[in-house]
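Structural overview
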Amino acid sequence: DARQRLDTAASARQARRQAVEEVDVAGQQVSEATAAVEKAHDAAGDVEEEYREADERWDACEKARLDARRAWQEARATVSGLRDRDRLARLDAVIGRLSGLRNELREAESRLEGNFASAKGLKAAEKASARLAAARTKLEVASPRMRIERLRDDAPALAVDGRPIEDEEDGDAVDRVVDRPAVVEVADAWRITVTPASDVDKLAHDVERAERELTEALEPMGADTLEAARELLAARGRDENLAAGLRERLERELTDVDEWEDDSQERSVAGLTELRDRLAARVGDVDGDADDTGAAAGSGDVGDAGLTVGQAEEAATRCEAAHDQAELAEKAARAAREAV
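Because the structure is predicted, anything quoted here is derived from the model rather than measured.

Rules behind the numbers
Residues numbered from 1 in each chain as written. Predicted model: local features only at pLDDT ≥ 70, side-chain atom pairs only at ≥ 80, totals over all residues. Heavy atoms only, no water. Helix = DSSP H or I, 4+ residues; strand = E, 2+ residues; numbered from the N terminus. Buried < 20%, exposed > 50% of the residue type's maximum accessible area, 1.4 Å probe, protein only. Contact = heavy atoms within 4.5 Å. Areas by Shrake-Rupley, 256 points an atom, 1.4 Å probe, with all protein chains shown as cover. Expected span 1.5 Å × (residues − 1). pLDDT = per-residue confidence, 0-100. Salt bridge = Lys/Arg side-chain N within 4 Å of Asp/Glu carboxyl O. Pairing = 2+ DSSP bridges. Axes fitted to C-alpha atoms, helices over the stretch in contact; angles between N-to-C directions. Parallel < 35°, antiparallel > 145°, perpendicular 65-115°, else oblique. Left-handed = near helix turned anticlockwise from the far one by under 90°. Nonpolar A, V, L, I, M, F, W, Y, C, P; charged D, E, K, R; others polar.

1. Considering the overall build of the protein chain
- If you tally the helices and strands in the protein chain, you get six helices and six strands.
- For the protein chain, with 340 residues in total, the buried portion stands at 29%.
- Excluding contacts between residues fewer than 6 apart, the proportion of contacts in the protein chain whose partners are at least 24 apart in sequence is 71%.
- Accessible area for the protein chain stands at about 22300 Å²; split by element, carbon and sulfur atoms hold 50% of it.

2. Topic: helix α4 (residues 226-256)
- With 31 residues, α4 ought to run about 45 Å at 1.5 Å a step, and its terminal C-alpha atoms sit 45 Å apart, in line with that.
- Buried within α4 we find L226, A229, A235, D239, A243, L246, L250, E253 and L254.

3. Some thoughts on the confidence of the model for the protein chain
- Mean pLDDT over the protein chain stands at 79; residues scoring 70 or higher make up 85%.
- Ranking the elements of the protein chain by mean pLDDT puts helix α5 (residues 269-289) last, at 71, and α4 first, at 90.
- Across residues 290-302 the pLDDT falls below 50, and counting only partners more than four positions away or on other chains, this stretch makes 27 contacts in the model.

4. Topic: the pattern of salt bridges
- Taken as a whole, this structure holds 16 salt bridges when the rule is applied.
- In this structure, the salt-bridge partner of E185 is R191, at a minimum N-O distance of 3.4 Å.
- With relative accessibility at 23%, the residue E185 sits in the partly exposed group.
- For R230, the salt bridge goes to E227, with nearest N and O atoms at 3.7 Å. Of this pair, R230 and E227 both sit in helix α4, three residues apart, which is roughly one turn of the helix.
- For E227, a relative accessible area of 45% gives the class partly exposed.
- A network of salt bridges, in which partner residues are shared, links K63, D67 and R70.

5. What about helix α2 (residues 119-142)?
- Between the first and last C-alpha of α2 there are 34 Å, a value that for 24 residues agrees with the 34 Å anticipated at 1.5 Å per step.
- Within the span of α2, buried status applies to G121, L122, A125, A128, L132, A135 and L139.

6. Looking at the sheet that holds strand β2 (residues 158-160)
- Sheet architecture is open: four strands sit in the order β3-β2-β5-β6, paired in antiparallel fashion. Two strands close off the open sheet at either side, each with one partner strand: β3 (163-164) and β6 (190-194).
- Sheet topology note: the strand β5 (residues 182-186)/β6 ladder contains five bridges and is antiparallel. Bridging across to β6, V186 finds its partner in W190.

7. Considering the packing of α2 against α4
- Running from amino to carboxyl end, α2 crosses α4 at an angle of 160°, the nearest separation of the two axes being 10 Å. Comparing their axes, α4 and α2 come out roughly antiparallel. As for how α2 packs across α4, the hand of that crossing is left-handed. Here α2 contributes A119, L122, A125, E126 and S129 to the contact with α4, which in turn contributes L226, A229, R230 and L233.
- Taken together, the residues of the contact of α2 with α4 break down into six nonpolar, one polar and two charged.

As structure tokens, this is what we get:
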């Protein structure tokens with residue numbers, strides 16, 4: 001029994017020794033695990049700090065990209081507004097030129113409406129004038145002539161056909177063709193009637209008839225003389241040529257205008273005016289936002305004050321390049337954050 005208890009005790013001692021060794025090993029493992037946990041905790045803090053920094057960089061890059069995109073969009077809007085403004089100025093010039101042509105055309109047409117001269121009417125007037133000249137020549141050749149002269153200053157008063165001789169152009173003489181009865185009165189004491197022959201009277205009636213025919217030919221044209229009728233007809237010809245030229249210029253100007261937005265639009269001054277008004281409204285909207293235009297990515301102010309279209313396009317190109325760079329930086333920051 002004692003030997004058996006000895007063996008049991010020896011086995012128990014061996015088991016305790018083994019347990020002690022296992023406890024020592026476990027303690028060593030706990031120490032190592034604790035160190036590993038502490039190290040992992042420290043590493044996790046570093047990772048969290050790195051992630052926070054990466055996330056902040058990504059936020060900053062994303063904000064820069066958004067600012068650069070907004071600046072680029074504003075720059076493009078400025079370019080578009082400046083182009084519209086230049087186009088509006090060209091439209092104003094074209095409309096002003098066309099309005100001037102239309103005013104000239106209206107004036108020419110107004111003169112034509114008030115000018116009744118015609119080649120046919122002038123031809124009839126010329127024939128009537130020729131007949132009148134011929135009738136007057138015949139009358140003058142066939143009529144006797146009468147000449148009355150003052151011989152002394154104290155000569156008695158004398159009147160021809162009721163008109164004192166002093167009223168004549170040459171106050172001392174009267175010289176005329178007697179183509180109709182003429183009455184000479186001397187000092188209210190004598191009346192002398194000179195009557196031409198009957199054939200002269202007929203010629204005088206022919207002259208009167210020719211004068212009426214000339215008047216009737218000139219009256220529809222609004223002229224008093226043949227020369228005035230010729231001037232009216234010449235003026236009508238000039239105005240007709242001017243009106244035709246102005247209509248041709250108007251048509252050519254409207255055809256050559258390249259400011260139309262749509263080929264289907266009615267090519268007229270009214271259509272151009274409507275297009276100009278739309279552009280003016282659009283330019284007004286751009287001007288209202290011009291003070292807010294700028295580049296947030298360090299590309300400089302691209303407000304349209306004093307800018308040409310070329311300068312605005314250059315600014316828009318800079319804004320686009322800044323946006324592309326900001327976009328690449330944002331992608332790189334996002335990748336770095338995801339890698340953490």
